[in-house]
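Topology and contacts: notes
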Amino acid sequence: MLSDAAQTSLWRTIDQPIALKGLVVGIGLLLIAAELWWFLGRHGAGVAARGSDTGLQEITISVDGGYKPARIQVKAGRAMRLCFHRLDPSGCLAQVIFPDFQTSLDLRLHATTCVELPATAAGVYPFHCGMNMVRGVLEVVE
Ligand SMILES: [Cu+2]
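Predicted, not measured: the structure shown is a model, and the values here were computed from it.

Following the criterion strictly, the structure yields five salt bridges and no others. Salt-bridge contacts for Glu 139 lead to Arg 71; the nearest nitrogen and oxygen are separated by 2.6 Å. In this pair, Glu 139 is assigned in strand β11 (residues 135-141) and Arg 71 in strand β5 (residues 71-75), connecting sequence segments 68 residues apart. Arg 71 shares its class with Glu 139; the two are buried. Several salt bridges converge on common partners, so that one network encompasses Arg 50, Glu 58, Arg 81 and Glu 116.

Here you go:
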């Protein structure tokens with residue numbers, strides 16, 4: 001056992017004013033909120049795919065640190081073509097997986113790679129990178 005004197009020299013409590021404690025807690029909560037927003041929040045509205053001569057709905061998605069846009073709106077009952085233009089060298093983004101369509105796509109760097117997906121019912125169909133860290137979502141609406 002340490003004597004009281006030794007304990008005091010090893011560990012000393014410095015009492016802080018309550019306002020400072022509150023401030024530290026507040027900043028902590030703000031940082032937690034910011035993190036949740038960053039990883040789970042909705043970042044802007046979905047971007048609609050446009051029609052094309054082929055009858056497919058088309059959209060080009062830029063892959064650079066994330067999917068831009070990450071929320072894509074398409075119409076139900078029409079096949080679609082998604083083109084990914086990969087600018088990010090991170091190996092993590094070299095693959096896109098569409099779990100609901102049981103398909104995946106390998107993306108070459110500085111190239112545009114397209115996938116055609118069949119017409120589908122209205123709903124929300126997420127897609128993600130090879131390791132499920134970077135995510136996007138297909139919003140299929142009537
Ligand atoms: Cu990843």
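What follows continues from the structure just given.
This paragraph deals with the coordination of the copper ion. Coordination of the copper ion by the protein is provided by Cys 92 (SG) and Cys 129 (SG), with metal-donor distances spanning 1.9 to 2.1 Å. Taken together, the residues span a long stretch of sequence, with Cys 92 in the loop between β6 (80-86) and β7 (95-98) and Cys 129 in strand β10 (residues 123-129) at a distance of 37 residues. Each member of the pair, Cys 92 as well as Cys 129, carries the same accessibility label: buried.

With that settled, consider unusual backbone geometry. It is generally the case that most residues other than glycine have a negative phi and that most peptide bonds are trans. In this structure, the amide linkage connecting Lys 68 to the following residue, Pro 69, adopts the cis form with an omega of -5°. The backbone of Gln 102 sits at a positive phi, close to 45°, despite the residue not being glycine. Although it is not a glycine, His 110 sits at a positive phi angle of roughly 55°. Following the sequence through the fold, His 110 ends up in the loop between β8 (103-106) and β9 (112-117). On the accessibility criterion, His 110 (56% relative accessible area) is exposed.

Taking burial as the measure, the seven residues of strand β3 (residues 57-63) include five buried ones, the bulk of the element. Two elements, strand β2 (residues 50-51) and β3, share two bridges in a ladder whose sense is antiparallel. By the bridge assignment for β3, Arg 50 is matched with Glu 58. Linking β2 back to β3 in an antiparallel pair, the connection comprises five residues, with Gly 55 at a positive phi of about 85°.

Turning our eyes to something else, we now look at the state of the cysteines. Simply put, disulfide is the name for a covalent bond between the sulfur atoms of two cysteines. This structure, assessed with the given rule, holds one disulfide. Between Cys 83 and Cys 114 runs a disulfide, and the two sulfur atoms are separated by 2.0 Å. Here the disulfide of Cys 83 and Cys 114 is right-handed, its torsion about the S-S bond being about 105°. Here Cys 83 is found in strand β6, whereas its partner Cys 114 is found in strand β9, with 31 residues between them in sequence. Among the residues examined, Cys 83 registers a relative accessible area of 8% and is labelled buried.

This next bit is on the domain arrangement of the protein chain. It is common to give the size of an interface as the accessible area that goes away when the parts come together. Along its sequence, the protein chain is organised into domain 1 (4-40) and domain 2 (47-141). Computed over C-alpha atoms, the centres of domain 1 and domain 2 are 42 Å apart.

Reading the values: rules and limits
Residues numbered from 1 in each chain as written. Predicted model: local features only at pLDDT ≥ 70, side-chain atom pairs only at ≥ 80, totals over all residues. Heavy atoms only, no water. Salt bridge = Lys/Arg side-chain N within 4 Å of Asp/Glu carboxyl O. Helix = DSSP H or I, 4+ residues; strand = E, 2+ residues; numbered from the N terminus. Buried < 20%, exposed > 50% of the residue type's maximum accessible area, 1.4 Å probe, protein only. Donors = N, O, S within 2.8 Å, 3.2 Å for Na, K, Ca; no water. Pairing = 2+ DSSP bridges. Disulfide = S-S within 2.5 Å. Domains from an automatic or database assignment.

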